[in-house]
Amino acid sequence: MTGEDRGGDEYEALLAANREWAEDVSRSDPQLFESMAEGQRPPFLLVACCDSREALEVATKAGPGRLFIHRNVANQVRLDDPAMDATLEFALKALPIRHLVVSGHTRCGGVEAALDGGGSRGVVRWVEPVRELAQRHREELDALPDARARSHRLTELNVVAQVTNLLRHPAVRRKLDGGGELALHGWVFQVESGMLREVELPWDDWRQEGLLPSNRVTGR
Ligand SMILES: [Zn+2]
């Protein structure tokens, strides 16, 4: 593709909007870029889906410097993923992270692929843990009235499973064992309304599994 035939209008509009944004911020908050150049001090680490509708900085009005976001298809936390290792090791060592959040969203293509087996080879392989999760909850999911309800429920189950994986990740364990405090949260971003819904987390199960050895892990 060349510059002339790459859908130039929408691309140029994007860069023009960036110039406008940078000028607006320079006027309304002249210190912001100066402080950004000094470094970052985000209190929130989020694991979210790649989906373009899950616009978390916009939806929470967080602004630059507040959310440290790791994205992949269907917001997976895998213990064999070097990208996740790098994110967690860096963030929990170098940044003042106090909250770990996994945020899924309704109408997630990754979750739907795990349910119906559709999608490309790469997607099918990536969402295999979500497919296994669906198998483990087959009875509950099959009892739901339709595909939409099954997808919503699997999205919630997936968020819980990924927060649990965060709790098992060596970088998180090191942080807690070293006396660090972290609050854990699960969200589902509702693309139909723009609202974030908090997912109930299985604190009692985690306690029984010995994943909460101290009171340094909280829900707030
Ligand atoms: Zn998604």
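Residues numbered from 1 in each chain as written. Predicted model: local features only at pLDDT ≥ 70, side-chain atom pairs only at ≥ 80, totals over all residues. Heavy atoms only, no water.

A. View of the overall build of the protein chain. Within the protein chain, the regular secondary structure consists of 11 helices and six strands. Overall, the protein chain is about 55 × 45 × 30 Å in size when its C-alpha atoms are taken along their principal axes. By the burial criterion, 38% of the 220 residues in the protein chain qualify as buried. Pairs at least 24 residues apart make up 66% of the contacts formed inside the protein chain by residues separated by at least 6 positions. As presented, the protein chain carries roughly 12600 Å² of accessible surface, and 50% of it is formed by carbon and sulfur atoms. Between the mean site of the 28 positive side-chain charges and the mean site of the 35 negative ones, the protein chain shows a separation of 5 Å. (Helix = DSSP H or I, 4+ residues; strand = E, 2+ residues; numbered from the N terminus. Buried < 20%, exposed > 50% of the residue type's maximum accessible area, 1.4 Å probe, protein only. Contact = heavy atoms within 4.5 Å. Areas by Shrake-Rupley, 256 points an atom, 1.4 Å probe, with all protein chains shown as cover. Lys, Arg positive; Asp, Glu negative; His and termini not counted. Charge placed at Lys NZ, Arg CZ, Asp CG, Glu CD.)

B. Region of interest: the packing of aromatic side chains. Tallied over the full model, the rule gives three aromatic pairs. Relative to F33, the ring of W21 lies with its centre 5.6 Å away and its plane at 75 degrees, an arrangement referred to as edge-to-face. Here F33 lies in helix α2 (residues 32-38) and W21 lies in helix α1 (residues 8-28), a separation of 12 residues in the sequence. Judged by centre distance (5.1 Å) and plane angle (75 degrees), the ring pair of W203 and W206 falls under edge-to-face. Linking W203 with W206, this pair stays in helix α11 (residues 203-208), spanning three residues, or about one helical turn. Classification of W206 as buried rests on a relative accessible area of 1%. (Phe/Tyr/Trp six-rings, centres within 6.5 Å; stacked < 30°, edge-to-face > 60°.)

C. Up close: the coordination of the zinc ion. For the zinc ion, the full set of protein donor atoms is C49 (SG), H105 (NE2) and C108 (SG), and the range of their distances to it is 2.0 to 2.3 Å. As a motif over one chain, the donors of the zinc ion read C-x55-H-x2-C. With C49 in the loop between β1 (44-48) and α3 (56-59) and H105 in strand β3 (residues 99-105), the pair connects residues that are 56 residues apart, well separated along the chain. On the accessibility criterion, C49 (5% relative accessible area) is buried. On the basis of relative accessible area, H105 is assigned to the buried category, the value being 0%. (Donors = N, O, S within 2.8 Å, 3.2 Å for Na, K, Ca; no water.)

D. Layout of the environment of L88. If you trace the backbone, L88 turns up in helix α4 (residues 82-94). When the C-alpha positions of L88 and H169 are compared, they lie 8.6 Å apart, and in sequence the two are 81 residues distant. Setting aside residues up to four positions removed in sequence, L88 forms contacts with L45, K93, L166, H169, A171 and V172.

E. Seen up close, the domain arrangement of the protein chain. Considered domain by domain, the protein chain is made up of domain 1 (1-39) and domain 2 (40-218). The gap between the C-alpha centroids of domain 1 and domain 2 is 30 Å. (Domains from an automatic or database assignment.)

F. Spotlight on the nonpolar core. In this structure, I97 and L100 are the most contacted members of the largest nonpolar core, which totals 29 residues. The set of elements that each furnish at least two residues to this core consists of β1, α4, β3, α9 (147-168), α10 (170-177) and β4 (182-189). Ignoring any residue separated from it by four or fewer positions in sequence, one finds I97 in contact with P42, P43, F44, L45, F68, A91, L92, E181 and L182. The next biggest cluster of nonpolar side chains, apart from the first, holds 13 residues, and it includes C49, A74, C108 and L157. (Core = buried A, V, L, I, M, F, W, Y, C linked by side-chain atoms within 4.5 Å.)

G. Representation of the pairing of β1. Burial runs high along β1: four of the five residues are buried. Strand direction decides the pairing type here: β1 and strand β2 (residues 67-71), joined by five bridges, are parallel. Note on β2: the bridge partner recorded for L46 is I69. Both β1 and β3 contribute to a ladder of five bridges, which runs parallel. By the bridge assignment for β3, L45 is matched with L100. (Pairing = 2+ DSSP bridges.)

H. Local environment of the environment of G104. For G104, the location among the structural elements is in strand β3. C-alpha of G104 to C-alpha of L167: the two residues are 63 residues apart in sequence and 17 Å apart in space.

I. Geometry of unusual backbone geometry. The phi dihedral of A74 falls on the positive side, at around 65 degrees, and the residue is not glycine. Topologically, A74 is positioned in the loop between β2 and α4. For A74, a relative accessible area of 0% gives the class buried. Positive phi, close to 60 degrees, is recorded for R107, a residue that is not glycine. Its location among the elements puts R107 in the loop between β3 and α5 (109-116). You can call R107 partly exposed: its relative accessible area is 29%.

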